[in-house]
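# Survey of secondary and tertiary structure
Residues per chain, in single letters:
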Amino acid sequence: MTDILIIDDERDIRELISEILIDEGYKTRLAGTSDAAMRQIADERPAMLILDIWLKDSAMDGIDILKSVKSNYPDVPVVIISGHGNIEIAVAAIKQGAFDFIEKPFNIDQLLVVIRRAMEVANLRSENIALRSQYQQPLELIGQSAVFKALKSSLDKVTKSNGRVLLTGPSGVGKETAARYIHINSNRFNTPLVVVNCASLDAETADAKLFGVELNGRLHQVGLLESAHNGILFFDEIADLPLAVQARLLRVLVDQSFTRVDGTAAQKVDIRVISATAKDLTQEIERGAFREELFHRLNVVPIAVPSLEERREDISVLAE
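Residues numbered from 1 in each chain as written. Predicted model: local features only at pLDDT ≥ 70, side-chain atom pairs only at ≥ 80, totals over all residues. Heavy atoms only, no water.

## Things to note about empty space enclosed by the protein
Taken as a whole and assessed by the stated rule, the structure comprises two cavities of 30 Å³ or more. Of the voids in this model, the largest cavity is the one considered here, and its volume is about 60 Å³. If you trace the largest cavity, you find it lined by Leu 225, Leu 233, Leu 249, Val 252, Leu 253, Gln 256, Val 269, Ile 271 and Val 273. Counting residues per element, the lining of the largest cavity draws most heavily on helix α10 (residues 243-255), at three residues. The residue makeup of the lining of the largest cavity, split by class, is eight nonpolar, one polar and no charged. Of the pockets and cavities examined, the second largest cavity occupies roughly 50 Å³. Around the second largest cavity, the lining residues are Met 38, Ile 41, Ala 42, Ser 68, Val 69, Asn 72, Tyr 73, Leu 219 and His 220. At the level of secondary structure, the elements contributing two or more residues to the lining of the second largest cavity comprise α2 (34-43), α3 (62-72) and β9 (218-221). (1 Å grid on protein atoms, 1.4 Å probe; cavity = no way out; pocket = protein on both sides within 12 Å on 5 of 7 lines; lining within 4 Å. Points joined across faces, edges and corners; volume = space filled by probe spheres on them. Helix = DSSP H or I, 4+ residues; strand = E, 2+ residues; numbered from the N terminus. Nonpolar A, V, L, I, M, F, W, Y, C, P; charged D, E, K, R; others polar.)

## Notes on the packing of helix α6 (residues 146-158) against helix α7 (residues 175-184)
Look at α6 against α7: their axes get within 9 Å of each other, and the N-to-C directions meet at 40°. Accordingly, the angle class assigned to the pair α6 and α7 is oblique. Taken as a pair, α6 and α7 cross one another with a handedness that is right-handed. Across the interface between the two elements, Lys 152, Leu 155, Asp 156 and Val 158 from α6 touch Ala 178, Tyr 181 and Ile 182 from α7. Residues belonging to the contact of α6 with α7 are distributed by class as follows: five nonpolar, no polar and two charged. (Axes fitted to C-alpha atoms, helices over the stretch in contact; angles between N-to-C directions. Parallel < 35°, antiparallel > 145°, perpendicular 65-115°, else oblique. Left-handed = near helix turned anticlockwise from the far one by under 90°. Contact = heavy atoms within 4.5 Å.)

## Let's talk about the nonpolar core
Counting 30 residues, the largest nonpolar core has Leu 233, Phe 235, Ile 238 and Phe 290 as its most contacted members. For this core, the secondary structure elements donating two or more residues are β7 (193-197), α8 (206-211), β10 (232-236), α10, α11 (281-286) and α12 (292-298). Here this core gets five residues from one element, more than from any other, and that element is α10. The residues touching Phe 235, leaving out its near neighbours within four places in the chain, are Val 196, Cys 198, Leu 210, Leu 249, Val 273, Ile 274, Ser 275 and Ala 276. (Core = buried A, V, L, I, M, F, W, Y, C linked by side-chain atoms within 4.5 Å. Buried < 20%, exposed > 50% of the residue type's maximum accessible area, 1.4 Å probe, protein only.)

## A look at the pattern of salt bridges
Within the structure shown, the criterion is met by 19 salt bridges. The partner of Lys 279 in a salt bridge is Asp 240, with the nearest N and O atoms 3.0 Å apart. In this pair, Lys 279 sits in the loop between β13 (272-277) and α11 while Asp 240 sits in the loop between β10 and α10, placing the two residues 39 residues apart along the sequence. A relative accessible area of 36% means that Lys 279 is categorised as partly exposed. On the basis of relative accessibility, which here comes to 29%, the residue Asp 240 falls in the partly exposed class. Members of the salt-bridge network, linked through shared partners, are Asp 8, Glu 10, Asp 52 and Lys 104. (Salt bridge = Lys/Arg side-chain N within 4 Å of Asp/Glu carboxyl O.)

## Observations regarding the sheet that holds strand β3 (residues 48-52)
Working definition: the strands of a sheet are paired by backbone hydrogen bonds and lie parallel or antiparallel to each other. The five strands are arranged β2-β1-β3-β4-β5 in an open sheet whose pairing can be described as parallel. Bordering the open sheet on either side are β2 (27-31) and β5 (100-103), each of which pairs with just one other strand. Taking the axes of each pair of neighbouring strands and ignoring which way they run, one obtains an average angle of 20° across the sheet. Where strand β4 (residues 78-82) lies against β5, four bridges are found, and the strand directions are parallel. The partner of Val 79 across the bridge, within β5, is Asp 100. Contacting β1 (3-7), β2, β3 and β4, helix α1 (residues 11-23) runs over the sheet at an angle of about 175° to β2. Of the strands in this sheet, β1, β3 and β4 touch α3, which is tilted by about 160° from β3. (Pairing = 2+ DSSP bridges.)

## So, the sheet that holds β7
As summarised here, the arrangement of the five strands in space is β7-β10-β13-β6-β14, forming an open sheet in which the pairing is parallel. Edge strands, defined here as strands with exactly one partner in the open sheet, are β7 and β14 (301-304). Sheet twist, expressed as the mean angle between neighbouring strand axes with direction ignored, is 20°.

## Here's the deal with the side chain of Arg 14
Looking at the element boundaries, Arg 14 is found in helix α1. Here Arg 14 occupies a buried position and makes no salt bridge, while the nearest side chain of opposite charge, Asp 8, is found at 5.6 Å. A polar side-chain atom of Arg 14 sits 2.7 Å from the main-chain carbonyl oxygen of Asp 8. Apart from the residues lying within four places of it in its own chain, the contact partners of Arg 14 are Ile 6, Asp 8, Asp 9, Leu 30, Ala 31 and Gly 32. (Lys, Arg positive; Asp, Glu negative; His and termini not counted. Polar contact = N/O pair within 3.5 Å; in protein donor to acceptor, adjacent residues only side chain to side chain.)

## Looking at the packing of aromatic side chains
A complete count under the given rule lists one aromatic pair for this structure. Note on Phe 211 and Phe 258: the rings are 6.1 Å apart at their centroids and 35° apart in plane angle, and the pair reads as tilted. One end of the pair, Phe 211, is in helix α8; the other, Phe 258, is in strand β11 (residues 257-259), and 47 residues separate them in sequence. The pair formed by Phe 211 and Phe 258 is uniform in burial state, with each residue classed as buried. (Phe/Tyr/Trp six-rings, centres within 6.5 Å; stacked < 30°, edge-to-face > 60°.)

## Notes on unusual backbone geometry
Looking along the chain, the bond that leaves Lys 104 and enters Pro 105 is cis, with omega of -10°. The residue Asp 57 is not glycine, and still its phi comes out positive at about 55°. The residue Asp 57 is located in the loop between β3 and α3 in this model. Residue classification places Asp 57 among the exposed positions, given a relative accessible area of 80%. Even without being a glycine, Asp 262 presents a positive backbone phi close to 65°. Position of Asp 262 relative to the elements: it lies in the loop between β11 and β12 (266-268).

Keep in mind these values describe shape, not function.
Next up, the structure:
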(Lines give C-alpha, C1' and ligand atoms only; values in the text may rest on other atoms or scores of the structure.)
Protein backbone atom coordinates (compact mmCIF):
# COMPACT_ATOMS: atom_id res chain seq x y z
CA MET A 1 0.00 0.00 0.00
CA THR A 2 1.72 3.19 -1.24
CA ASP A 3 -1.14 5.69 -1.25
CA ILE A 4 0.14 8.97 0.25
CA LEU A 5 -2.23 11.86 1.01
CA ILE A 6 -0.55 15.27 0.72
CA ILE A 7 -2.29 18.06 2.65
CA ASP A 8 -1.02 21.60 2.06
CA ASP A 9 -2.81 24.88 1.40
CA GLU A 10 -0.16 25.89 -1.17
CA ARG A 11 -1.05 24.26 -4.47
CA ASP A 12 2.49 24.52 -5.86
CA ILE A 13 3.95 22.75 -2.83
CA ARG A 14 1.51 19.83 -2.79
CA GLU A 15 1.83 19.33 -6.56
CA LEU A 16 5.64 19.46 -6.35
CA ILE A 17 5.69 16.82 -3.59
CA SER A 18 3.22 14.73 -5.57
CA GLU A 19 5.35 14.80 -8.71
CA ILE A 20 8.45 13.79 -6.75
CA LEU A 21 6.65 10.88 -5.09
CA ILE A 22 5.03 9.67 -8.32
CA ASP A 23 8.50 9.56 -9.89
CA GLU A 24 9.55 7.36 -6.96
CA GLY A 25 6.68 4.94 -7.60
CA TYR A 26 4.18 6.14 -4.99
CA LYS A 27 0.51 6.90 -5.56
CA THR A 28 -0.68 10.26 -4.27
CA ARG A 29 -3.83 12.16 -3.42
CA LEU A 30 -4.00 15.90 -2.78
CA ALA A 31 -6.00 18.11 -0.43
CA GLY A 32 -5.80 21.86 0.12
CA THR A 33 -8.14 22.21 3.11
CA SER A 34 -8.95 20.28 6.26
CA ASP A 35 -12.47 19.46 4.98
CA ALA A 36 -11.10 17.99 1.77
CA ALA A 37 -8.49 16.05 3.74
CA MET A 38 -11.00 14.58 6.20
CA ARG A 39 -13.30 13.57 3.34
CA GLN A 40 -10.49 11.73 1.59
CA ILE A 41 -9.35 10.03 4.80
CA ALA A 42 -12.92 8.87 5.52
CA ASP A 43 -13.45 7.65 1.95
CA GLU A 44 -10.29 5.52 1.97
CA ARG A 45 -7.60 5.27 4.60
CA PRO A 46 -4.25 6.40 3.15
CA ALA A 47 -1.00 4.56 3.77
CA MET A 48 0.63 7.79 4.94
CA LEU A 49 0.02 11.54 5.38
CA ILE A 50 2.26 14.46 4.53
CA LEU A 51 0.66 17.28 6.46
CA ASP A 52 1.22 21.02 6.61
CA ILE A 53 0.77 22.59 10.07
CA TRP A 54 -0.86 25.80 8.84
CA LEU A 55 -3.89 25.47 6.57
CA LYS A 56 -5.53 28.70 5.41
CA ASP A 57 -9.33 28.88 5.17
CA SER A 58 -9.72 25.59 7.06
CA ALA A 59 -11.77 24.59 10.08
CA MET A 60 -8.89 22.46 11.41
CA ASP A 61 -5.14 23.03 11.47
CA GLY A 62 -2.53 20.33 10.96
CA ILE A 63 -2.35 19.42 14.66
CA ASP A 64 -6.14 18.91 14.75
CA ILE A 65 -5.97 16.60 11.72
CA LEU A 66 -3.00 14.77 13.25
CA LYS A 67 -4.93 14.15 16.49
CA SER A 68 -7.94 12.83 14.57
CA VAL A 69 -5.89 10.51 12.38
CA LYS A 70 -3.83 9.11 15.25
CA SER A 71 -7.02 8.56 17.25
CA ASN A 72 -8.82 6.67 14.49
CA TYR A 73 -5.90 5.20 12.50
CA PRO A 74 -2.91 4.98 14.88
CA ASP A 75 -0.86 2.90 12.44
CA VAL A 76 -0.92 5.55 9.67
CA PRO A 77 2.38 7.49 9.77
CA VAL A 78 2.16 11.29 9.55
CA VAL A 79 5.05 13.50 8.44
CA ILE A 80 4.58 17.16 9.37
CA ILE A 81 5.91 19.94 7.13
CA SER A 82 5.81 23.67 7.88
CA GLY A 83 7.27 26.94 6.66
CA HIS A 84 6.85 28.41 10.10
CA GLY A 85 8.63 25.64 11.91
CA ASN A 86 10.13 25.96 15.33
CA ILE A 87 11.13 23.57 18.05
CA GLU A 88 7.85 24.05 19.96
CA ILE A 89 5.75 23.04 16.94
CA ALA A 90 8.00 20.07 16.22
CA VAL A 91 7.78 18.85 19.82
CA ALA A 92 3.99 19.30 19.86
CA ALA A 93 3.64 17.33 16.61
CA ILE A 94 5.85 14.48 17.80
CA LYS A 95 3.97 14.32 21.12
CA GLN A 96 0.72 13.95 19.19
CA GLY A 97 2.13 11.00 17.26
CA ALA A 98 3.77 12.51 14.16
CA PHE A 99 6.50 10.31 12.69
CA ASP A 100 8.79 13.25 11.88
CA PHE A 101 8.88 17.01 11.26
CA ILE A 102 10.41 18.72 8.22
CA GLU A 103 10.77 22.47 7.86
CA LYS A 104 10.17 24.29 4.56
CA PRO A 105 11.98 24.85 2.31
CA PHE A 106 12.82 21.17 2.51
CA ASN A 107 15.57 19.18 0.89
CA ILE A 108 14.09 16.64 -1.54
CA ASP A 109 16.55 13.92 -0.56
CA GLN A 110 15.77 14.50 3.11
CA LEU A 111 12.03 14.31 2.41
CA LEU A 112 12.39 11.04 0.51
CA VAL A 113 14.52 9.49 3.26
CA VAL A 114 11.90 10.35 5.90
CA ILE A 115 9.04 9.04 3.72
CA ARG A 116 10.83 5.77 2.97
CA ARG A 117 11.63 5.26 6.65
CA ALA A 118 8.04 6.02 7.68
CA MET A 119 6.64 3.60 5.11
CA GLU A 120 9.09 0.87 6.16
CA VAL A 121 8.07 1.26 9.82
CA ALA A 122 4.36 1.20 8.88
CA ASN A 123 4.86 -1.92 6.74
CA LEU A 124 6.74 -3.69 9.53
CA ARG A 125 3.93 -2.87 11.97
CA SER A 126 1.33 -4.19 9.53
CA GLU A 127 3.30 -7.40 9.00
CA ASN A 128 3.68 -7.81 12.76
CA ILE A 129 -0.05 -7.40 13.30
CA ALA A 130 -0.81 -9.86 10.49
CA LEU A 131 1.58 -12.45 11.92
CA ARG A 132 0.20 -12.02 15.42
CA SER A 133 -3.35 -12.43 14.14
CA GLN A 134 -2.37 -15.73 12.52
CA TYR A 135 -0.98 -17.07 15.78
CA GLN A 136 -3.09 -17.07 18.90
CA GLN A 137 -1.33 -18.17 22.05
CA PRO A 138 -3.49 -20.86 23.64
CA LEU A 139 -5.48 -19.66 26.63
CA GLU A 140 -5.35 -22.42 29.20
CA LEU A 141 -8.13 -22.74 31.74
CA ILE A 142 -6.75 -24.41 34.84
CA GLY A 143 -8.72 -26.73 37.09
CA GLN A 144 -9.71 -30.32 37.80
CA SER A 145 -12.81 -30.05 39.98
CA ALA A 146 -16.22 -31.17 38.78
CA VAL A 147 -17.45 -27.58 38.93
CA PHE A 148 -14.56 -26.42 36.75
CA LYS A 149 -15.11 -29.23 34.22
CA ALA A 150 -18.80 -28.27 33.98
CA LEU A 151 -17.83 -24.64 33.31
CA LYS A 152 -15.34 -25.60 30.60
CA SER A 153 -17.92 -27.89 28.99
CA SER A 154 -20.43 -25.02 28.90
CA LEU A 155 -17.86 -22.68 27.33
CA ASP A 156 -16.82 -25.25 24.73
CA LYS A 157 -20.46 -25.67 23.65
CA VAL A 158 -20.83 -21.97 22.76
CA THR A 159 -17.45 -21.22 21.16
CA LYS A 160 -18.46 -22.06 17.59
CA SER A 161 -21.88 -20.42 17.66
CA ASN A 162 -22.80 -16.75 17.29
CA GLY A 163 -25.19 -16.83 20.24
CA ARG A 164 -25.01 -14.08 22.83
CA VAL A 165 -23.57 -15.21 26.15
CA LEU A 166 -24.15 -13.72 29.61
CA LEU A 167 -21.41 -14.60 32.10
CA THR A 168 -22.33 -14.20 35.76
CA GLY A 169 -20.39 -14.57 38.98
CA PRO A 170 -18.69 -12.56 41.73
CA SER A 171 -15.94 -10.07 40.91
CA GLY A 172 -12.58 -11.70 40.26
CA VAL A 173 -13.77 -15.17 39.26
CA GLY A 174 -12.46 -14.83 35.69
CA LYS A 175 -15.45 -13.76 33.60
CA GLU A 176 -13.23 -11.84 31.17
CA THR A 177 -10.92 -14.86 30.93
CA ALA A 178 -13.95 -16.96 30.03
CA ALA A 179 -14.91 -14.44 27.35
CA ARG A 180 -11.40 -14.53 25.91
CA TYR A 181 -11.51 -18.34 25.90
CA ILE A 182 -14.72 -18.22 23.85
CA HIS A 183 -13.13 -15.71 21.44
CA ILE A 184 -9.89 -17.62 20.89
CA ASN A 185 -11.75 -20.87 20.24
CA SER A 186 -14.49 -19.33 18.09
CA ASN A 187 -14.78 -18.88 14.34
CA ARG A 188 -13.94 -15.20 14.97
CA PHE A 189 -10.55 -15.91 16.59
CA ASN A 190 -8.69 -13.79 14.01
CA THR A 191 -10.98 -10.78 14.48
CA PRO A 192 -11.02 -8.21 17.29
CA LEU A 193 -12.24 -8.82 20.82
CA VAL A 194 -13.22 -5.32 21.94
CA VAL A 195 -13.74 -4.86 25.68
CA VAL A 196 -16.22 -2.26 26.91
CA ASN A 197 -15.68 -1.33 30.55
CA CYS A 198 -19.25 -0.28 31.34
CA ALA A 199 -18.31 1.10 34.76
CA SER A 200 -16.13 3.73 33.05
CA LEU A 201 -18.92 4.95 30.75
CA ASP A 202 -21.09 7.91 31.73
CA ALA A 203 -24.25 9.10 30.03
CA GLU A 204 -22.50 12.15 28.53
CA THR A 205 -19.61 10.38 26.78
CA ALA A 206 -20.91 6.83 26.28
CA ASP A 207 -22.59 7.51 22.92
CA ALA A 208 -19.41 8.88 21.36
CA LYS A 209 -17.29 6.01 22.71
CA LEU A 210 -19.72 3.30 21.62
CA PHE A 211 -21.17 4.64 18.38
CA GLY A 212 -18.47 7.02 17.14
CA VAL A 213 -18.83 10.59 15.90
CA GLU A 214 -19.32 12.25 12.53
CA LEU A 215 -18.16 15.78 11.76
CA ASN A 216 -19.56 17.61 8.75
CA GLY A 217 -20.94 14.35 7.41
CA ARG A 218 -17.63 12.47 7.68
CA LEU A 219 -16.24 10.01 10.20
CA HIS A 220 -14.45 11.88 12.98
CA GLN A 221 -14.15 9.26 15.75
CA VAL A 222 -14.46 5.49 15.42
CA GLY A 223 -16.68 3.92 18.08
CA LEU A 224 -16.22 0.61 19.86
CA LEU A 225 -19.10 -0.96 17.91
CA GLU A 226 -17.39 -0.19 14.62
CA SER A 227 -14.03 -1.39 15.98
CA ALA A 228 -15.62 -4.75 16.80
CA HIS A 229 -17.14 -5.27 13.34
CA ASN A 230 -16.87 -8.98 12.38
CA GLY A 231 -15.53 -9.70 15.87
CA ILE A 232 -16.73 -9.93 19.45
CA LEU A 233 -17.85 -7.09 21.70
CA PHE A 234 -17.45 -7.88 25.40
CA PHE A 235 -19.46 -5.76 27.85
CA ASP A 236 -17.72 -6.02 31.21
CA GLU A 237 -20.11 -5.31 34.10
CA ILE A 238 -23.08 -4.68 31.83
CA ALA A 239 -25.25 -3.72 34.84
CA ASP A 240 -23.28 -0.46 35.11
CA LEU A 241 -24.29 0.68 31.62
CA PRO A 242 -26.35 3.92 31.91
CA LEU A 243 -30.09 3.40 31.33
CA ALA A 244 -30.23 5.77 28.36
CA VAL A 245 -27.38 3.90 26.68
CA GLN A 246 -29.09 0.57 27.40
CA ALA A 247 -32.02 1.67 25.23
CA ARG A 248 -29.72 2.51 22.32
CA LEU A 249 -27.77 -0.73 22.70
CA LEU A 250 -31.06 -2.65 22.62
CA ARG A 251 -31.88 -1.01 19.28
CA VAL A 252 -28.46 -2.07 17.92
CA LEU A 253 -29.09 -5.69 18.94
CA VAL A 254 -32.49 -5.64 17.26
CA ASP A 255 -31.47 -3.89 14.02
CA GLN A 256 -27.81 -4.98 13.77
CA SER A 257 -27.05 -1.37 12.86
CA PHE A 258 -26.45 1.98 14.53
CA THR A 259 -26.05 5.66 13.73
CA ARG A 260 -22.98 7.64 14.75
CA VAL A 261 -23.33 10.74 16.89
CA ASP A 262 -24.28 13.66 14.57
CA GLY A 263 -24.62 11.15 11.73
CA THR A 264 -27.65 10.21 9.64
CA ALA A 265 -26.73 7.02 7.79
CA ALA A 266 -27.20 3.63 9.46
CA GLN A 267 -23.97 1.64 9.87
CA LYS A 268 -24.43 -2.13 9.54
CA VAL A 269 -22.35 -4.28 11.89
CA ASP A 270 -21.72 -7.99 12.34
CA ILE A 271 -20.90 -8.42 16.02
CA ARG A 272 -21.17 -11.23 18.52
CA VAL A 273 -21.96 -9.90 22.00
CA ILE A 274 -20.72 -11.39 25.25
CA SER A 275 -21.67 -9.72 28.53
CA ALA A 276 -20.62 -10.18 32.12
CA THR A 277 -21.95 -9.03 35.47
CA ALA A 278 -21.35 -9.56 39.15
CA LYS A 279 -24.83 -8.25 39.95
CA ASP A 280 -28.17 -10.04 39.89
CA LEU A 281 -29.79 -8.50 36.81
CA THR A 282 -33.27 -9.64 37.83
CA GLN A 283 -32.91 -7.54 40.97
CA GLU A 284 -31.58 -4.63 38.87
CA ILE A 285 -34.68 -4.93 36.67
CA GLU A 286 -36.97 -4.87 39.69
CA ARG A 287 -35.46 -1.66 40.98
CA GLY A 288 -35.61 -0.03 37.54
CA ALA A 289 -31.86 0.06 36.91
CA PHE A 290 -31.79 -2.39 34.00
CA ARG A 291 -34.05 -2.85 30.99
CA GLU A 292 -35.84 -6.19 30.99
CA GLU A 293 -35.92 -6.49 27.20
CA LEU A 294 -32.17 -5.89 27.01
CA PHE A 295 -31.66 -8.61 29.63
CA HIS A 296 -33.58 -11.11 27.50
CA ARG A 297 -31.55 -10.12 24.40
CA LEU A 298 -28.25 -10.64 26.22
CA ASN A 299 -29.20 -13.70 28.26
CA VAL A 300 -29.48 -16.10 25.31
CA VAL A 301 -26.89 -18.48 26.80
CA PRO A 302 -26.38 -17.89 30.54
CA ILE A 303 -23.17 -19.28 32.03
CA ALA A 304 -22.34 -18.97 35.71
CA VAL A 305 -18.61 -18.70 36.42
CA PRO A 306 -18.00 -20.31 39.84
CA SER A 307 -16.06 -18.62 42.61
CA LEU A 308 -12.94 -20.17 44.11
CA GLU A 309 -15.00 -21.11 47.14
CA GLU A 310 -17.05 -23.41 44.91
CA ARG A 311 -13.95 -25.05 43.41
CA ARG A 312 -11.55 -25.43 46.33
CA GLU A 313 -10.11 -28.59 44.80
CA ASP A 314 -8.50 -26.37 42.16
CA ILE A 315 -6.53 -24.20 44.60
CA SER A 316 -3.44 -26.43 44.63
CA VAL A 317 -3.47 -26.71 40.81
CA LEU A 318 -3.83 -22.95 40.42
CA ALA A 319 -1.04 -22.34 42.95
CA GLU A 320 1.31 -24.62 41.00
